[in-house]
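# Examination of the molecular architecture
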Amino acid sequence: MLYNKKEDLANHDFFSKIPQTNMIALLNFVHEKTGFLDGFTHIKPHYAKAKHDNQLIIAVNIANGTHQGTYKFASNSNLDYQAMLNVERNFIRLETLKLANDLLSNHISKLPIFSEWNLQPNVHHGAVDGQKFQTRIETLQSRNCAKYFPLKKGIVAYSLLSNFIPLSTETVSPNLHESYFLFDIIKNLTADVPLDFVSGDSHAINPVNFFLMRYLPVQFAPHLVHINSKIKNLYAFAHQNTFRNLLLKPHHQVNTECILNEENNIQWMVASLLQGDVAQNIMVRKLSSLASQHKTCIAMSEYNRVFESIYTLNYIDNPELRQYVRGSLNRIEAYHQMRRAIAFANGGEFRGNSENELAIWNESARLLANAFIYYNACLLNALFKKYQRIGDEKILAMLKRISPIAWAHINFLGQFEFFVDGPNIDAIIEKITF
């Protein structure tokens with residue numbers, strides 16, 4: 001089976017036929033359909049002086065999502081900077097942004113065309129991956145990275161996608177392995193969007209993730225590279241000599257005694273993770289770093305090899321699984337293209353002063369992406385229902401293959417109006433007072 005190319009999943013030719021719209025009009029349309037701006041509540045629910053102004057909330061989210069900031073955005077628009085700053089301080093928080101994003105994600109998943117995007121019938125495949133962004137202002141979270149930031153510093157936007165919908169995103173340091181945050185981002189998912197499988201590249205694999213993901217209602221299905229080396233790391237409970245007649249044979253035996261001796265400690269660690277007594281990424285990071293030293297970590301790593309070997313054999317034997325995994329990863333790569341285009345207004349750089357501000361800007365960008373995807377999904381859904389009534393199977397099959405991740409028909413930079421009257425000097429003078 002042939003895999004889809006990455007460029008096929010972003011800016012489909014279909015959207016070149018759609019008239020261009022600006023972001024403000026698009027976000028107003030999306031709010032009329034979903035009411036997502038209602039998720040932005042005042043930080044003081046009682047005796048709040050600032051009013052809930054949808055236009056200012058939209059403006060602040062565009063300013064932060066495009067990495068411009070409220071000051072730069074206000075100077076390029078007809079909005080007052082102080083008014084935008086008051087709205088940002090009172091309404092824009094991580095809690096309200098995540099609630100608004102969840103409202104959008106839930107509405108997209110309720111559209112009839114959503115089920116047509118499944119890579120596998122009645123199964124929802126998701127994917128996780130990180131995207132690097134340079135930061136203009138140094139923070140504790142921004143770090144140097146030899147591969148991406150050799151001279152400057154940056155962060156990673158770690159995102160979870162399902163059926164083209166960005167369900168969650170976190171900002172992490174580029175010097176931390178992305179696999180440390182896999183358990184965390186899935187367990188803390190708040191959107192009511194189904195997720196059955198989650199895939200990732202090699203950065204999603206560590207010595208404990210196959211084992212820990214067994215405790216979540218999502219199956220871990222990463223993309224495996226260098227299959228020949230993976231085959232040499234297969235484990236079995238019996239001695240490897242008992243598998244001499246097999247084409248694919250394990251080369252190692254699982255140390256069951258080590259696992260059973262540390263059973264109680266393993267259960268305590270898993271219970272702590274599931275209850276959220278500690279930050280999941282911190283514990284997974286420590287487990288991964290101590291996997292070759294601490295007895296409990298060695299036992300968990302040994303147990304992890306069992307599930308990793310089972311998945312490796314399934315991955316080799318099932319070509320459809322490989323296609324689903326690659327397809328889900330192509331989708332998140334297409335989302336990264338959209339996310340990069342949204343940030344291009346400020347050269348793609350983050351300009352936040354703190355970790356919290358960087359996280360807010362990242363969530364605002366996800367909010368814009370969710371709104372764009374919802375708008376595109378509404379267009380595709382309306383056409384899908386139209387041709388369902390007509391019964392044109394050829395066009396229906398084409399519509400199912402069109403990705404809602406597109407932005408070529410959305411104007412990010414505003415509009416220049418021609419054929420309008422010039423400034424009236426007399427009217428301007430009358431408004432000036434000293």
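### Quick notes on the overall build of the protein chain
Looking only at helices and strands, one finds 16 helices and 10 strands in the protein chain. Against the globule reference of 22 Å for 434 residues, the protein chain gives a C-alpha radius of gyration of 25 Å, in line with a compact fold. A principal-axis box enclosing the C-alpha atoms of the protein chain has dimensions of 95 × 55 × 45 Å. Put simply, the protein chain has 434 residues, and 51% of those count as buried. Of the contacts made within the protein chain by residues no fewer than 6 positions apart, 72% connect residues no fewer than 24 positions apart. Carbon and sulfur atoms form 52% of the exposed surface of the protein chain, whose accessible area is close to 22,400 Å². Where the 42 positive side-chain charges of the protein chain centre and where its 38 negative ones centre are 4 Å apart.

### Quick notes on the packing of helix 12 (residues 295-317) against helix 13 (residues 319-343)
Close contact between helix 12 and helix 13 brings their axes to 5 Å; oriented N to C, the two are set at 100 degrees. With respect to helix 13, the axis of helix 12 lies roughly perpendicular. Residues Y311, N314, Y315, I316 and D317 of helix 12 lie in contact with helix 13, whose contacting residues are P319, L321, R322 and V325. Its residues assigned to classes, the contact of helix 12 with helix 13 shows six nonpolar, one polar and two charged.

### Some points on helix 2 (residues 54-65)
With 12 residues, helix 2 should reach 16 Å at 1.5 Å per residue; the first-to-last C-alpha distance of 16 Å fits that figure. Counting buried positions along helix 2 gives 10 out of 12 residues, so the element sits mostly inside the fold. Taken together, the buried positions of helix 2 are occupied by L56, I57, I58, A59, V60, N61, I62, A63, N64 and G65. In this structure, the buried side of helix 2 is in contact with helix 1 (23-34), helix 3 (70-75), helix 4 (81-91), helix 5 (94-110), helix 13 and helix 14 (355-390). Structurally, the start of helix 2 carries an N-cap: the backbone nitrogen of Q55 is 3.0 Å from a side-chain oxygen of D53. H67, located one to two residues past helix 2, shows a positive phi value of around 65 degrees.

### Observations concerning the state of the cysteines
Disulfide: a covalent bond connecting the sulfur atoms of a pair of cysteines. Applying the stated criterion across every chain yields a total of zero disulfides. Between C258, a cysteine without a disulfide, and C297, which holds the nearest cysteine sulfur, the sulfur-to-sulfur distance is 10 Å.

### Notes on the nonpolar core
With 118 residues, the main nonpolar core has F40, I186, L212 and F372 as its most contacted residues. Looking at which element gives the most residues to this core, the answer is helix 14, with 16 residues. Those residues in contact with I186, other than ones at most four positions away along the chain, are L160, V198, M213, L216 and V218.

### Observations concerning a positive patch on the surface
Taken together, the side chains of K33, K385, K386 and R389 make up a positively charged region of the molecular surface. When you line up the elements, K33 lands in helix 1.

### As for empty space enclosed by the protein
Applying the stated rule across the entire model yields two cavities of 30 Å³ or more. Counted as a void, the largest cavity has a volume near 40 Å³. In this structure, the largest cavity is lined by L119, H125, G126, A127, L161, S162, N163, F164, S328 and R331. Of all elements in the fold, only strand 2 (125-134), strand 4 (149-162) and helix 13 reach the threshold of two or more residues within the lining of the largest cavity.

Thresholds applied
- Residues numbered from 1 in each chain as written.
- Predicted model: local features only at pLDDT ≥ 70, side-chain atom pairs only at ≥ 80, totals over all residues.
- Heavy atoms only, no water.
- Helix = DSSP H or I, 4+ residues; strand = E, 2+ residues; numbered from the N terminus.
- Rg over C-alpha atoms; globule rule 2.2 N^0.38 Å.
- Buried < 20%, exposed > 50% of the residue type's maximum accessible area, 1.4 Å probe, protein only.
- Contact = heavy atoms within 4.5 Å.
- Areas by Shrake-Rupley, 256 points an atom, 1.4 Å probe, with all protein chains shown as cover.
- Lys, Arg positive; Asp, Glu negative; His and termini not counted.
- Charge placed at Lys NZ, Arg CZ, Asp CG, Glu CD.
- Axes fitted to C-alpha atoms, helices over the stretch in contact; angles between N-to-C directions.
- Parallel < 35°, antiparallel > 145°, perpendicular 65-115°, else oblique.
- Nonpolar A, V, L, I, M, F, W, Y, C, P; charged D, E, K, R; others polar.
- Expected span 1.5 Å × (residues − 1).
- Polar contact = N/O pair within 3.5 Å; in protein donor to acceptor, adjacent residues only side chain to side chain.
- Disulfide = S-S within 2.5 Å.
- Core = buried A, V, L, I, M, F, W, Y, C linked by side-chain atoms within 4.5 Å.
- Patch = residues over 30% accessible without salt bridge, like charges linked within 9 Å, V, L, I, M, F, W, Y side chains within 5 Å.
- Salt bridge = Lys/Arg side-chain N within 4 Å of Asp/Glu carboxyl O.
- 1 Å grid on protein atoms, 1.4 Å probe; cavity = no way out; pocket = protein on both sides within 12 Å on 5 of 7 lines; lining within 4 Å.
- Points joined across faces, edges and corners; volume = space filled by probe spheres on them.

Don't take any of this as a statement about function, it's just geometry.
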